[in-house]
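Fold and geometry: a report
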Amino acid sequence: MKIGINSRIYQQSSTGIPYYIKCLYNKLSENQDKFSFIFFQTSLNKKIGDTKIIKGPNTGLFGALFDLFFINCLIKKERVDIFHGPSNILPFFKIKGIKYIVTIHDLSFLVFPKNHSLFFNLYYKYGIKRSLKNADVVIAQSENTKKDILNFYKVSEEKIRVIYSGINKLFLEETKEERIIKEKYFFSLTTHPKRKNILSVLEVMSRDKELIKHKYLIAGLIGENQTAELKDAIKKLELTDNVILWGYASEDQLVNFYQNAVFFIYPSFYEGFGFPALEAMACKCPVITSKNSSLIEITPNKNWLINPYDLKDIYNKMVEISNLEEKEREKLINDNYNFSKQFSWDKAAKEYAKLFDCLK
């Protein structure tokens, strides 16, 4: 059985959806003789397996046209049995005899439209609407995403299945590597400081004599404009000596950061899944995260959920988790660790493989 996959977005930085595509299809390709996977992209600079291209820019208008129209030329040529749009979008026109699956990660462009450009919002607003109509099966990354789909679009609930993503086994393994950050610190991982609410953590930190004794490590691939805004906020709050802006971190570095942090804080305003919170749990790092969206689903101990709009709530939880007694800290760590183990790429791949079988 031939499975065609739109992996255009995989060519971008290895975070979020590109990371999801890589992990899912690397796992599906292991010891798999049932399916033949063919990936469709705009270049061969970065690929997972057998990849066909229509050469052109990977972003902007060409990228959108590739997803909606151009990709059909590759689908027809390769005669796939099933087509998977793993990044929210399916082609505008269906080809007879082919089954279509779309994975919806989140609807942030509808929940927080100001965080995205007008082009991005319009493309996804109407592209997803058409994709939901064309899909034989819709995969939601969480129950919250499923709820959002039903709330914003007219789609049959029977078409929607929830398949959670996994976390890399690397995060579940204890390592004895020398710690990268020598000082005592707490940690956040972000690509969008505004959406992830990093500025509120900085504000809280600047007001407290105890928290300011820690370093605040912020890692992640952040755009130039947002990095400039973040640096400006750090300077205004007089935290230049207290904040470490790391930039992009490899998985090995992330493991080190998680395992040695006093706690991980992820006060996001909205998530479709929440990889970093689960990765931190897997690395036995205490986690504070938001009482919203999918983050409620992936947090076993609800006592450590915060209102991301309430600075006092953020402050209280940060101070409380910093001062946990050893027994309480160990219990929290172990409960989170055991919970995180249920989110595996093996499990996600098996569910997708079962779905492919059902559609043939």
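Here, every reference points to the structure presented above.
Scope of this entry: the structure provided in the associated data block. The model shown is predicted, which means the values in this text are computed figures rather than measured ones.

**Observations regarding the nonpolar core**
- Core analysis: the biggest nonpolar cluster contains 59 residues, and Tyr25, Phe187 and Phe356 have the highest contact counts within it.
- If we ignore the near neighbours within four places in the chain, the residues touching phenylalanine 356 are Met1, Ile3, Tyr25, Leu28, Phe35, Phe37, Ile82 and Ile101.
- Judged by nonpolar contacts, the second largest core, of 31 residues, contains Val80, Ile89, Tyr100 and Leu107.

**So, the packing of aromatic side chains**
- All told, the structure shown has 36 aromatic pairs when counted by the stated rule.
- Seen from their ring centres, phenylalanine 187 and phenylalanine 257 are 5.6 Å apart, and the 65° between their planes marks the pair as edge-to-face. Of this pair, phenylalanine 187 sits in strand 8 (residues 185-189) while phenylalanine 257 sits in helix 8 (residues 251-260), and the two are 70 residues apart along the sequence. Across the pair, phenylalanine 257 and phenylalanine 187 agree in class, each one buried.

**What to know about the sheet that holds strand 1 (residues 2-6)**
- Judged by pairing direction, the sheet is parallel, and its 7 strands sit side by side in the order 3-2-1-4-5-6-7 without closing on themselves. Of all strands in the sheet, those with a lone pairing partner are strand 3 (51-53) and strand 7 (160-162), marking the two edges. The average angle at which neighbouring strand axes cross in this sheet is 25°, direction not considered.
- Where strand 6 (residues 137-140) meets strand 7, 3 bridges bridge the pair, whose relative direction is parallel. Opposite isoleucine 139, over in strand 7, you have arginine 161 as the bridge partner.
- Helix 2 (residues 60-78) rests against strand 1, strand 2 (36-41), strand 3, strand 4 (82-85) and strand 5 (99-104) of the sheet, and its axis sits at about 140° to strand 2.

**Here we look at the pattern of salt bridges**
- Tallying each qualifying case throughout the model produces 18 salt bridges.
- Its salt-bridge partner being aspartate 346, residue lysine 169 comes within 3.3 Å of it at the nearest N-O pair. Here lysine 169, found in the loop between strand 7 and strand 8, pairs with aspartate 346, found in helix 12 (residues 345-359); they are 177 residues apart in sequence, far enough to count as distant.
- The class of lysine 169 is exposed, set by a relative accessible area of 51%.
- The residue lysine 196 makes a salt bridge to glutamate 271 at a minimum N-O spacing of 2.5 Å.

**Details of the pairing of strand 12 (residues 287-290)**
- Relative to strand 12, strand 11 (residues 264-266) is paired through 3 bridges, and the arrangement is parallel. Opposite isoleucine 265, over in strand 12, you have isoleucine 288 as the bridge partner.
- Note: strand 12 against strand 13 (residues 305-306), 2 bridges, orientation parallel. Following the sheet pairing, threonine 289 is matched in strand 13 by leucine 305.

Basis of the calculations
Residue indices follow the written sequence of each chain, beginning from 1 at its first position. Only residues with pLDDT of at least 70 are given local features in this predicted model, and only at 80 or more are side-chain atom pairs given and counted; all residues enter the totals for whole chains, interfaces and linings. Values shown for side chains rest on all heavy atoms present in the structure; no hydrogens or waters enter the calculation. Among the buried residues, those of types Ala, Val, Leu, Ile, Met, Phe, Trp, Tyr and Cys that are joined through side-chain atoms within 4.5 Å form a nonpolar core. Summary of the burial criterion: residues with accessible area below 20% of their type's maximum are buried, those above 50% are exposed, and those between are partly exposed, where the area comes from a 1.4 Å probe applied to protein chains only. We call two residues contacting when some pair of their heavy atoms lies within 4.5 Å. A pair of Phe, Tyr and Trp rings is counted when the ring centres sit within 6.5 Å of each other, with Trp represented by its six-membered ring. The angle between the planes then sorts it: under 30 degrees is stacked, over 60 is edge-to-face, the rest tilted. Put simply, DSSP H or I for four residues or longer makes a helix, DSSP E for two residues or longer makes a strand, and each gets a number counted from the N terminus. By this definition, two strands are paired if DSSP reports at least two bridges between them. In this analysis, axes come from line fits to C-alpha atoms, helices being fitted only over the stretch in contact, and the angle between any two N-to-C directions falls in the range 0 to 180 degrees. Counted as salt bridges are all cases of a side-chain nitrogen of Lys or Arg within 4 Å of a carboxyl oxygen of Asp or Glu.

Interpretation note: all reported values are geometric properties and have no functional meaning in isolation.
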